[in-house]
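Read off the chains here:
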Amino acid sequence: MQASEFARAVAAARSTASSLALTADDAIVLHDSNKLTLRLLPCDVLARVAPVAHQVAQFEIDLARRLAESGCPVAALEPRVKPRVHERDGFEVTLWTYYEPVTPHEISPADYADALERLHAGMRGLDVPTPHFTDRVEQAQRLVANRDRTPALADADRELLGDTLRSLRRAIGERGGAEQLLHGEPHPGNVLATRNGPLFIDLETCCRGPVEFDLAHAPEEVGEHYPGVDQELLRQCRILVLAMIATWRWDRDDQLPNGRRLGTEWLSQIRAALDREEL
């Protein structure tokens, strides 16, 4: 979140909690990216704060409620208040259950795969309007093509990303595999290790596509424990996802810490993966 917005966002979260009779004398920053995630104390509530312009908080709340009701491994909303989006000072504030991390923080590949499989099973029963995964690929393609938005991207790297996004988007679509509602970004940063097992968070990235697209965000070992995986499709999805996240790192407005260094590393990994797969 922009530094100029940070203090206002924290104040919005604290005042929202206070207005709901939840004492929030202190706020600990847990994550700061396009939205701010805070642990409010002493009420011990997790608050997520984003600019109102994002307009995805209500969708995330509705989806989280439905998935939790069907027993899916997702983080729960704060039970002491009504499940709704609170608008304050230009921000959307949502309140969630805070889960104390367990030790060790590592989730085994088998547990990770089991949790993701159960999430997918619950998602198959839902009919909600979501974008297709190719819509997100197209966003990355537009970013690569926009030199004003990606001025530091070298010509050879721009060509690599553009060709990879285009060819793999087409190849995956031509396979014609089964598709369903997906988390969209179930990487380790969106999985909590809790006493109740792994729980998925950040449902705003939901999209439709093959389960292999979700698995491509998880550690490679997870795919070895997920039943019925098309391994060739998974390999293609892994390279596609790598090209997408590398593209975001070259956006001039990207705020991920060490983002440019990661973008450079991922470009090298894409070249190595394309050579390995002879693509």
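Everything below is about the structure printed above this text.
What comes next is a walk through the structure.

Rules and cut-offs
Residues numbered from 1 in each chain as written. Predicted model: local features only at pLDDT ≥ 70, side-chain atom pairs only at ≥ 80, totals over all residues. Heavy atoms only, no water. Helix = DSSP H or I, 4+ residues; strand = E, 2+ residues; numbered from the N terminus. Expected span 1.5 Å × (residues − 1). Buried < 20%, exposed > 50% of the residue type's maximum accessible area, 1.4 Å probe, protein only. Arc of directions from axis to C-beta. Pairing = 2+ DSSP bridges. Axes fitted to C-alpha atoms, helices over the stretch in contact; angles between N-to-C directions. Contact = heavy atoms within 4.5 Å.

### Observations concerning helix H1 (residues 3-19)
Argument step 1. Taking 1.5 Å as the rise per residue, H1 with 17 residues should run 24 Å; its terminal C-alpha atoms sit 25 Å apart, in good agreement.
Argument step 2. Here H1 has its buried residues at Ala9, Val10, Ala12, Ala13, Thr16 and Ala17. The buried residues of H1 all sit within an arc of 160 degrees when viewed along its axis, so they share a single face. Opposite the buried face of H1, at more than 90 degrees from it, the exposed residues are Ser4 and Ala7.

### Considerations on the sheet that holds strand S3 (residues 45-51)
The strands making up a sheet associate through hydrogen bonds between their backbones, and the pairing can be parallel or antiparallel.
Argument step 1. As summarised here, the arrangement of the five strands in space is S1-S2-S3-S5-S4, forming an open sheet in which the pairing is antiparallel. Each edge of the open sheet carries a strand with a single partner, namely strand S1 (24-32) and strand S4 (86-88). Sheet twist, expressed as the mean angle between neighbouring strand axes with direction ignored, is 30 degrees.
Argument step 2. Lying on the sheet, helix H2 (residues 57-69) is in contact with S3 and strand S5 (91-97); it crosses S5 at an angle near 20 degrees.

### Topic: helix H4 (residues 133-145)
Argument step 1. Given a rise of 1.5 Å per residue, 13 residues ought to cover 18 Å, and the 19 Å separating the end C-alpha atoms of H4 matches this to within 8%.
Argument step 2. Burial in H4 covers these residues: Phe133, Thr134, Arg136, Val137, Ala140, Leu143 and Val144. The buried residues of H4 all sit within an arc of 165 degrees when viewed along its axis, so they share a single face.
Argument step 3. On its buried side, H4 packs onto helix H5 (155-175), strand S9 (207-209), helix H6 (211-215) and helix H8 (231-249).

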